[in-house]
Amino acid sequence: MNKSVEFDRSPSAAHTPMMQQYLGLKAQYPEMLLFYRMGDFYELFYDDAEKAARILDITLATRGVSAGAPIKMAGVPWHAIDQYLAKLLKLGESAAICEQIGDPATSKGPVERAVTRVVGTVRGHR
């Protein structure tokens, strides 16, 4: 039986600044997979990572800890995002694409990010 580790999904101070940012964005798109741009990859975390790994046949990894829980993650290269999105759409899934909109050279803390594109059936968006 595969049990997920329960973690605080709120962007609380117990999380790292990057996870606070991610969880704040994810809360706006709870029913969608959130592809979070980090350099040359779009990363998915926690439950999204598990689901994406299963349906997209990508590697699920665990790196670091935030709020006392391991961070599950899976990712796809930025240049291949459209092929993965096409597969998701074919399976009836939805995704929110989060891009880095700030300048990493001048950012203090996590680079500013925002969801710039939503694909699939929009349901559960707040």
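For clarity, every value in this text was computed on a predicted model and none was experimentally measured.

Thresholds applied
- Residues numbered from 1 in each chain as written.
- Predicted model: local features only at pLDDT ≥ 70, side-chain atom pairs only at ≥ 80, totals over all residues.
- Heavy atoms only, no water.
- Pairing = 2+ DSSP bridges.
- Helix = DSSP H or I, 4+ residues; strand = E, 2+ residues; numbered from the N terminus.
- Axes fitted to C-alpha atoms, helices over the stretch in contact; angles between N-to-C directions.
- pLDDT = per-residue confidence, 0-100.
- Contact = heavy atoms within 4.5 Å.
- Polar contact = N/O pair within 3.5 Å; in protein donor to acceptor, adjacent residues only side chain to side chain.
- Buried < 20%, exposed > 50% of the residue type's maximum accessible area, 1.4 Å probe, protein only.
- Arc of directions from axis to C-beta.
- Core = buried A, V, L, I, M, F, W, Y, C linked by side-chain atoms within 4.5 Å.

Re the sheet that holds strand 4 (residues 69–77)
Inference 1: Pairing within the open sheet is mixed, and its six strands lie in the order 3-4-2-1-5-6. The open sheet has two edge strands with one neighbour each: strand 3 (61–66) and strand 6 (113–119). On average, each strand axis in the sheet is tilted by 35 degrees relative to the strand beside it, whichever way the strands run.
Inference 2: Pairing of strand 1 (residues 33–38) with strand 2 (residues 41–45) involves three bridges; the strand directions are antiparallel. Its bridge partner being in strand 2, Arg 37 is matched across the sheet by Tyr 42.

A word on the confidence of the model for the protein chain
Parts of the model with low pLDDT should not have their predicted coordinates read in detail.
Inference 1: On average, residues of the protein chain score 87 in pLDDT, and 86% of them are at 70 or above.
Inference 2: Across residues 1–7, where pLDDT falls below 50, the model places 10 contacts with residues more than four positions away in sequence or in other chains.

So, the environment of Asp 103
Inference 1: Assignment of secondary structure puts Asp 103 in the loop between strand 5 (95–100) and strand 6.
Inference 2: It is 9.9 Å that separates the C-alpha atoms of Asp 103 and Arg 113, two residues lying 10 residues apart in sequence.
Inference 3: Separated by 2.9 Å, the side chain of Asp 103 and the backbone nitrogen of Ala 105 make a polar contact.

A look at helix 3 (residues 81–90)
What sets the pattern is the α-helix's 3.6 residues per turn: residues three or four places apart point alike.
Inference 1: Listed as buried for helix 3 are Ile 81, Tyr 84, Leu 85 and Leu 88. The arc that holds every buried residue of helix 3, seen down its axis, measures 100 degrees, which confines them to one face. For helix 3, the exposed residues lying more than 90 degrees away from the buried face are Gln 83 and Lys 90.
Inference 2: Packing partners of the buried residues in helix 3 comprise strand 1, strand 2, helix 2 (46–56), strand 4, strand 5 and strand 6.

Some remarks on the nonpolar core
For soluble globular proteins, nonpolar side chains are generally found buried alongside one another.
Inference 1: Phe 35, Leu 56, Ile 58, Val 76, Leu 85, Leu 88 and Ala 95 are the most contacted members of the largest nonpolar core, which totals 19 residues.
Inference 2: When residues of this core are traced back to their parent elements, those giving at least two are strand 1, strand 2, helix 2, strand 4, helix 3 and strand 5.
Inference 3: Not counting residues within four places of it along the chain, the set of residues in contact with Leu 88 comprises Leu 33, Phe 35, Ile 55, Leu 56, Glu 93 and Ala 95.
Inference 4: One finds Leu 25, Met 32, Phe 45 and Cys 98 within the second-largest nonpolar core, a separate group that totals 15 residues.

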